[in-house]
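What follows is the residue order along each chain.
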Amino acid sequence: IADRNIYNYENFDDICSNKEIDILYIVLPNALHAEYVIRGAKAGKHIICEKPMGLSVKECDDMISACKEAGVMLSIGYRLHFEPHHRDMMKMGQSKIFGELTSIHASHGSDDTEGWRLNKNLAGGGPLMDLGIYCIQAARYTSGMEPIAVKAKEGAKTNPELFKNIEESLSWEMEFPNGLTALCETSYSSDMNSLHADAAHGWFELSPAYQYVGIKGKTATGFIDLPEINQQALQMDDFAHAILTNGPVKVTGEMGRTDIKIIEVIYESMKTGNKIHITG
């Protein structure tokens, strides 16, 4: 990258006058996403924002509005929408290859998290914001439906000092319109990485499911043997193509907003212990 195209926090807004830059990819800590997406949109640049899109639905609404007002495109960094194994899970679930889905199980956790992700002011929460969001996404695109209710429970804290202000682990159940349930869990103290779907006439799964490389899958009838690709390269190519052809954007800001709405409801259920319906 040429020196003239490198910016920092102090001169970021000067990017507006640089015609060589078309797209900004916001990969800052979660709490900074909204500010820099809005400033980037005002600078006239198209934007990819890493997940989670923001810390609240209001932040997401502000980001979407800023991009619309500026006439720029906005996408969220959901790389797995471009990954062959996950695209196969979407096909099998949504096309009912094994019949109607009866349940989904999704889990994603790590035991070596450090840095700003443990700071609630920067992260907005614990593993749900960082890893559990993959489970929410997976249940949505495997089923092709949106959840209508959530029941969540926080796990015990094995290290109360480290996880003073955020959850260490969390499990939740999402209910879908046709009675389908997705059982999900996430953790900062346990490795887990899987997506499993049961259907009327079989099952299909990925394990590990959410990695950058090495995703493996199988079904009731055999293995999911698909090529390994550079997920984020395809993600960025798709966004560039959308800009060049005036759309559509495959992974939209509205999709990111929906995940944040679900996350808000999961946290509310975690705190109250109640089943909560998703509205708005």
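The preceding data block contains the structure.
None of these values were measured; they are calculated from a predicted model.

Student: Could you give me a rundown of the overall build of the protein chain, with the residues and numbers involved?
Tutor: Helix and strand counts for the protein chain stand at seven helices and 12 strands. In the protein chain, the share of contacts with a sequence separation of at least 24, taken over all contacts with a separation of at least 6, comes to 68%. Split by element, the accessible area of the protein chain, about 13300 Å² in all, is 50% carbon and sulfur. The positive charge centre, built from 26 side chains, and the negative charge centre, built from 38, are 4 Å apart in the protein chain.

Student: An account of unusual backbone geometry is needed here, citing residue identities and associated values.
Tutor: The phi torsion of most residues other than glycine is negative, and most of the peptide bonds are trans. Cis geometry is adopted by the peptide bond preceding Pro-52, which originates at Lys-51 and carries an omega value of -10 degrees. Following the sequence through the fold, Pro-52 ends up in the loop between β2 (46-49) and α2 (57-70). Of note, the amide linkage connecting Gly-247 to Pro-248 takes the cis form, showing an omega dihedral of 0 degrees. Inspection of the secondary structure puts Pro-248 in the loop between α6 (231-245) and α7 (253-272).

Student: Can you explain the pairing of β2? Please cite residues and give values.
Tutor: Neither face of β2 is exposed, since His-46 and Ile-48 on one face and Ile-47 and Cys-49 on the opposite face are all buried. Here strand β1 (residues 23-26) pairs with β2 via four bridges, running parallel. Bridge pairing in β2 links Tyr-25 to Ile-48. Handedness of the β1-helix α1 (residues 33-42)-β2 crossover: right-handed.

Student: Residue-level account of the sheet that holds strand β3 (residues 74-76), with values.
Tutor: Strands sit in the order β1-β2-β3 across an open sheet of three strands; the sheet is parallel. On the outer flanks of this sheet lie β1 and β3, each paired with one strand and no other. Direction aside, the axes of adjacent strands within the sheet are offset by 15 degrees on average. α1 rests against β1, β2 and β3 of the sheet, and its axis sits at about 165 degrees to β2.

Student: An account of the pattern of salt bridges is needed here, citing residue identities and associated values.
Tutor: Per the stated rule, a full pass over the model turns up 13 salt bridges. Where Arg-39 meets Asp-13, a salt bridge forms, and the shortest distance between an N and an O atom there is 2.8 Å. Note that Arg-39 is positioned in helix α1 and Asp-13 in the segment before β1, a separation of 26 residues in sequence. Between Glu-161 and Lys-164 there is a salt bridge, with the nearest N and O atoms lying 3.2 Å from each other.

Student: Residues and numbers for the sheet that holds strand β11 (residues 222-224), please.
Tutor: Across a sheet, paired strands are connected by hydrogen bonds in the backbone, their directions being either parallel or antiparallel. The strand order across the open sheet formed by nine strands is β11-β10-β9-β8-β4-β7-β6-β5-β12, and the pairing between neighbours is mixed. Taken across any chain shown, the strands that pair with only one partner, and hence form the sheet edges, are β11 and β12 (276-277). With three bridges connecting them, strand β10 (residues 217-219) and β11 associate as antiparallel partners. Following the sheet pairing, Lys-218 is matched in β11 by Phe-223. On top of the sheet, helix α3 (residues 84-94) reaches β4 (101-109), β8 (192-199), β9 (202-206), β10 and β11; it is set at about 160 degrees to β9, its chief contact. Across the face of the sheet, α7 comes into contact with β5 (149-154), β6 (169-175) and β12 while running at roughly 55 degrees to β5.

Student: With reference to specific residues and values, describe the packing of aromatic side chains.
Tutor: Applying the stated criterion to the full structure yields five aromatic pairs. An angle of 80 degrees between the planes, with centres 5.9 Å apart, marks the rings of Tyr-9 and Tyr-36 as edge-to-face. Linking Tyr-9 in the segment before β1 with Tyr-36 in helix α1, this pair joins segments that are 27 residues apart in sequence. A relative accessible area of 7% means that Tyr-36 is categorised as buried. Through a chain of ring-to-ring contacts, the aromatic side chains of Tyr-9, Phe-12 and Tyr-36 assemble into a single cluster.

Student: Any details on the nonpolar core? Residues and values, ideally.
Tutor: Trp-172, Met-174, Tyr-210 and Ile-266 are the most contacted members of the largest nonpolar core, which totals 71 residues. Residues in contact with Ile-266, not counting those within four places in the same chain, are Leu-128, Ile-136, Val-150, Ala-152, Leu-170 and Trp-172.

Criteria and cut-off values
- Residues numbered from 1 in each chain as written.
- Predicted model: local features only at pLDDT ≥ 70, side-chain atom pairs only at ≥ 80, totals over all residues.
- Heavy atoms only, no water.
- Helix = DSSP H or I, 4+ residues; strand = E, 2+ residues; numbered from the N terminus.
- Contact = heavy atoms within 4.5 Å.
- Areas by Shrake-Rupley, 256 points an atom, 1.4 Å probe, with all protein chains shown as cover.
- Lys, Arg positive; Asp, Glu negative; His and termini not counted.
- Charge placed at Lys NZ, Arg CZ, Asp CG, Glu CD.
- Buried < 20%, exposed > 50% of the residue type's maximum accessible area, 1.4 Å probe, protein only.
- Pairing = 2+ DSSP bridges.
- Right-handed = clockwise from strand over helix to strand, strands pointing away.
- Axes fitted to C-alpha atoms, helices over the stretch in contact; angles between N-to-C directions.
- Salt bridge = Lys/Arg side-chain N within 4 Å of Asp/Glu carboxyl O.
- Phe/Tyr/Trp six-rings, centres within 6.5 Å; stacked < 30°, edge-to-face > 60°.
- Core = buried A, V, L, I, M, F, W, Y, C linked by side-chain atoms within 4.5 Å.

Remember that the coordinates give geometry; whether it matters functionally is a separate question.
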